[in-house]
Amino acid sequence: MGSFIKKDLLVFWRDRKEILAALLLPIALIVILNFAFSGIFNDDQASINLDVAIVQDDDPSAGLERFKETIQEGDFSQAEKATMIEQAASIEPSRLIHDFFNNKGLKEWVNTKELPEKEAKELVDNGELDAIIKIPKGFTYHVSSAIMLNKESEVALTIMAEDQSAEVRALQNIVNSFIDSLNLQFALGSKAESAATEPELPQGGKEVVEGVDTYTISRYFTIAISTLFALFMAQTVALKTVTEKRERVFNRIVLSDSNPLYFLLGKTVSTFILTLLQMVIVFASLQLLLDIFPGKPFAFWLGLMVVMTAFALTVAGLSALFTAMTLNLTNSNAVSGLSTLIIMTLGVLGGSFFPIQGFPEIIQKMGEWTPNGLTQTVLIEWIQFGNADDLLLPIIILIAVFVVCFGIGMSIFPKRGRI
Amino acid sequence: MYPVFMAQWLKDKRKPLFIILLIGLSILATVIFGGSRQNQSSSVTVFATGPNAEEMEQKWTALLNDSSDMEFVITDEEKAREQVREGKSDVAIRLMESDYRLITASDMPNIQFIEQQVHQVFTKEAQLEAAAGTENTMELRNEIEAYLDHPPVKVESQTLSGGELQEYNMGMQLLFGFTLFIVMFTIGFKVNGIAADKVSGVWNRLILSPVSKTGMYAGHLLYSFCAGFVQMLIVFLIFKYVMDYNIGSLPMILVIAAVYTLSTVSLAMLFAGIANTPEKFNMIYPSVISIIPVISGIYMPPGTISNPVLQFIADLFPLTYAVDAMMNVAIFDAGWSDITLSMALMLLIAVLYMGIGINMVERRKG
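Residues numbered from 1 in each chain as written. Chains lettered and ligands numbered in written order. Predicted model: local features only at pLDDT ≥ 70, side-chain atom pairs only at ≥ 80, totals over all residues.

Let's shift gears to the UniProt feature "transmembrane region" (unreviewed entry) in chain B. Sites flagged by UniProt as "transmembrane region" (unreviewed entry) map to residues 16–35, 174–196, 216–239, 251–275, 281–300 and 343–361 of chain B. In residues 174–196 of chain B, the share of helix is 100% and the share of strand is 0%. The end C-alpha atoms are 33 Å apart. (UniProt positions renumbered as here; feature names shortened; annotations may be inferred. Helix = DSSP H or I, 4+ residues; strand = E, 2+ residues; numbered from the N terminus.)

Moving on: the domain arrangement of chain B. Here the domain parsing of chain B yields domain 1 (2–37 + 169–363) and domain 2 (43–149). Placing the centre of domain 1 of chain B and that of domain 2 of chain B at their C-alpha centroids yields a distance of 46 Å. (Domains from an automatic or database assignment.)

Trans peptide bonds make up the majority, and among non-glycine residues the majority have a negative phi. Residues and elements named next belong to chain A. Its identity as a non-glycine residue notwithstanding, aspartate 291 has a phi of 55°, on the positive side. Mapping aspartate 291 onto the fold places it in the loop between helix H12 (261–290) and helix H13 (298–328). Residue class for aspartate 291 comes out exposed when judged on the 10 C-beta atoms lying within 10 Å of it. (Buried ≥ 20, exposed ≤ 12 C-beta atoms within 10 Å, placed from the backbone.)

It is worth spelling out the UniProt feature "transmembrane region" (unreviewed entry) in chain A at this point. Residue and element names in this part refer to chain A. Feature annotation in UniProt places "transmembrane region" (unreviewed entry) on residues 20–41, 220–239, 260–286, 298–322, 334–356 and 391–413, given in this structure's numbering. With 70% helix and 0% strand, residues 334–356 has end C-alpha atoms that lie 29 Å from one another. Secondary structure within residues 391–413 divides into 96% helix and 0% strand; the distance between the first and last C-alpha atoms comes to 33 Å.

Attention now goes to the packing of helix H1 (residues 2–14) of chain A against H12(A). Residues and elements named next belong to chain A. Two numbers describe how H1 lies on H12: the axes approach to 8 Å, and their chain directions differ by 50°. Between H1 and H12, the interaxial angle falls into the category oblique. Seen along the crossing, H1 lies across H12 with a hand that is right-handed. Mapping the contact onto sequence places Phe4, Ile5, Lys7, Asp8, Leu9 and Phe12 in H1 and Tyr262, Phe263, Leu265, Gly266, Lys267, Val269, Ser270, Ile273 and Leu274 in H12. Taken together, the residues of the contact of H1 with H12 sort by class into ten nonpolar, two polar and three charged. (Axes fitted to C-alpha atoms, helices over the stretch in contact; angles between N-to-C directions. Parallel < 35°, antiparallel > 145°, perpendicular 65-115°, else oblique. Left-handed = near helix turned anticlockwise from the far one by under 90°. Contact = placed C-beta atoms within 7 Å. Nonpolar A, V, L, I, M, F, W, Y, C, P; charged D, E, K, R; others polar.)

All names here are of chain A. Where helix H10 (residues 217–246) meets H12, the closest approach of the two axes is 9 Å, and the angle between their N-to-C directions is 155°. It follows from the interaxial angle that H10 and H12 lie roughly antiparallel. Every pair of crossing elements has a handedness; the one defined by H10 and H12 is right-handed. Contacts between H10 and H12 involve Ser218, Thr222, Ser226, Phe229, Ala230, Met233, Ala234, Val237 and Ala238 from the first element and Lys267, Ser270, Thr271, Leu274, Thr275, Gln278, Met279, Val282, Phe283, Leu286 and Leu290 from the second.

On to the domain arrangement of chain A. Domains assigned within chain A are domain 1 (2–38 + 212–412) and domain 2 (50–188). Each of domain 1 of chain A and domain 2 of chain A was reduced to a C-alpha centroid, and the two centroids are 57 Å apart.

Before going further, it helps to spend a moment on the environment of A:Thr275. Residues and elements named next belong to chain A. Mapped onto the secondary structure, threonine 275 falls in helix H12. Classification of threonine 275 as buried rests on a count of 31 C-beta atoms within 10 Å. Distance in space between the C-alpha atoms of threonine 275 and phenylalanine 232 is 9.4 Å, their sequence separation being 43 residues. Once residues within four sequence positions are removed from consideration, threonine 275 is found in contact with Ala230, Met233, Ala312, Val315 and Ala316.

Taking strand neighbours across the sheet as the criterion, the five strands line up as E2(A)-E1(A)-E3(A)-E4(A)-E5(B) in an open arrangement whose pairing is mixed. Looking at strand neighbours, the two that pair on one side only are strand E2 (110–114) of chain A together with strand E5 (155–159) of chain B, the edges of this open sheet. Geometrically, the sheet is characterised by an average inter-axis angle of 25° between neighbouring strands, direction not taken into account. Sheet analysis places strand E4 (residues 157–161) of chain A next to E5(B), joined by five bridges and oriented parallel. Bridge pairing in E5(B) links A:Leu157 to B:Val155. (Pairing = 2+ DSSP bridges.)

This part takes up the confidence of the model for chain A. Residue and element names in this part refer to chain A. Counting all residues, the mean pLDDT for chain A is 81, and 91% of those residues have values of 70 or more. Taking the mean pLDDT of every element in chain A, the minimum, 71, falls on strand E5 (residues 206–208) and the maximum, 92, on H13. Between residues 41–46, whose pLDDT stays under 50, and residues either more than four places distant or in other chains, the model counts seven contacts. (pLDDT = per-residue confidence, 0-100.)

Structure, rendered in structure tokens:
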């Protein structure tokens, strides 16, 4: 049997394109995706960078003057007029907006500069700026009269952007929540008669589930993509059978003095070895390149290794199944189509392409039962809790899947006289 | 060309099971995955503890659900914590009298967004209660709500030219993305017929026949084109007439689909050129193809992937252009002139890859 394993390993080794696809592709992909995402979703969030122009079309002092005139013409007592004017002068709505953007916390990730509208639009068009915030003409006047005189405000602060994007949405969120709280203040100011007690503001905050390490997006990518490529390995090794069938290698093996089942065993064992090697190399190089699991104890790596071994076994089982299928079906395209279909289904359901949390619960439930989905769930728990008891059941399931797949492969393996 | 085309068709007609299965399952997968994200809002589990837990849960979920398009669902504590623990959901929220805690074990990007929303609701509530003092908050709340219907400071969003800034429809992008992605497999397996003919010797016999070389390629490629296009046609018809999605002008979508199919046929031809045998094609093609949507950012909102290397790689494949063009048609009611650039780039890809691919296939001996 040793020679069969050697044969399959050699066949793999001699095709450098495949080695490239099996090793370099997942590593490169994870590294690239990691960089792409860490650019946006960093731990400290400071990495979103918004470049915003503030276009000041409003003239606050003229607006205030106009408001004063309206008040003077209005039907109020002298004292009322004085307080209203004083209040309006103290509000200065456009200054509130400027102050908000000059706030130190916000300045870290929103860069603002004041520009005339035309220039700002050009810059947004060129893609140098993300958006424009326009303080429209008459803003001071309208806001003041809305607050004091309960008039419907006719102008609105305008966010202008080329089209909707993550940056624009972030800006909209910031501005909307600021304006909402501002409006609420005005509302409270107008309604609450007495100066009430100081509000008990919520503290909020996160309660990270005790004693756990967080599951980051780079860890998600590492696990999802390495399990996906491990699944491809089953197909890669199994589909070599097509060539071996066409070139009559299989027939010669049948005529030789060895048990044909060794052929299947050779495929299975070599897939197991290759998959395990692939996963170990991928994890090791990512750990070295990106330091995905910093400061983890030896026990963690041991557990990871155990799970990977069990998963590699399952992949080997799949490979046995695909090999037996190839020997049974005459159409090689059908085999590869079918195996691709199986792998893609497993990949999508198991969340190897994208997190499946957003999908209906039934799909999530199915995903937990795919080998790659199960491996991912187990590894999430292992990363977070490092509880060895949690590993046992999934590993048994993975081994059981291997046994079942291998059993089916054995039973549909061509019997004597059928080749 | 015609006899070669017919030969491919007859092969499938005599053994229709495989192609029907492939196309059928592709359509099924597209409809399930593409469609399942339509009109789906994400939900967050919440729970409260203590003697008047139920009351708190009712109060806060009502307020929270009012304020955003996320759905806040009451769950019991154990289940919520377990789901977070096992990574089935990213976050749960523990509600308290006037405060909250996010319970999370991960560092996923959407958590910050949820926190912001929740924080706003709680802050507003705290201020309301403080203002009301000992009085009933209900009355004050109604007054404030009425006031806020006509707020003094308003915000609006618009495009540079003053048009409406459309909310991006992520579900629609997934729908198109998935349809276009899955059809790549069907096309790939059909194009692989050329390599299969070569190793089985059929190709050599065809060379000796009166059929021209161009005709041989054209027959195969046209058949692959038809298989891919028919699949997409069925999917789009289902979306439009059975599931009633608003996918925009159907003729335009179909023209984009046709151009995309053409460039995908070329792409598959390039892969056939790189791989020597049909088996190698079957190994390399699916593993490369399946990561294209990830790189192109089809699964994520636009702008998520801003890395220049990734963008460059994505630009090498027709998927981005096609999804872009289709989104423009479906959401922004784009006209022909708006999608010309995408179409031109897809055609360029088609010409380039086809040229390189056929060249590589031809250069190989035997």
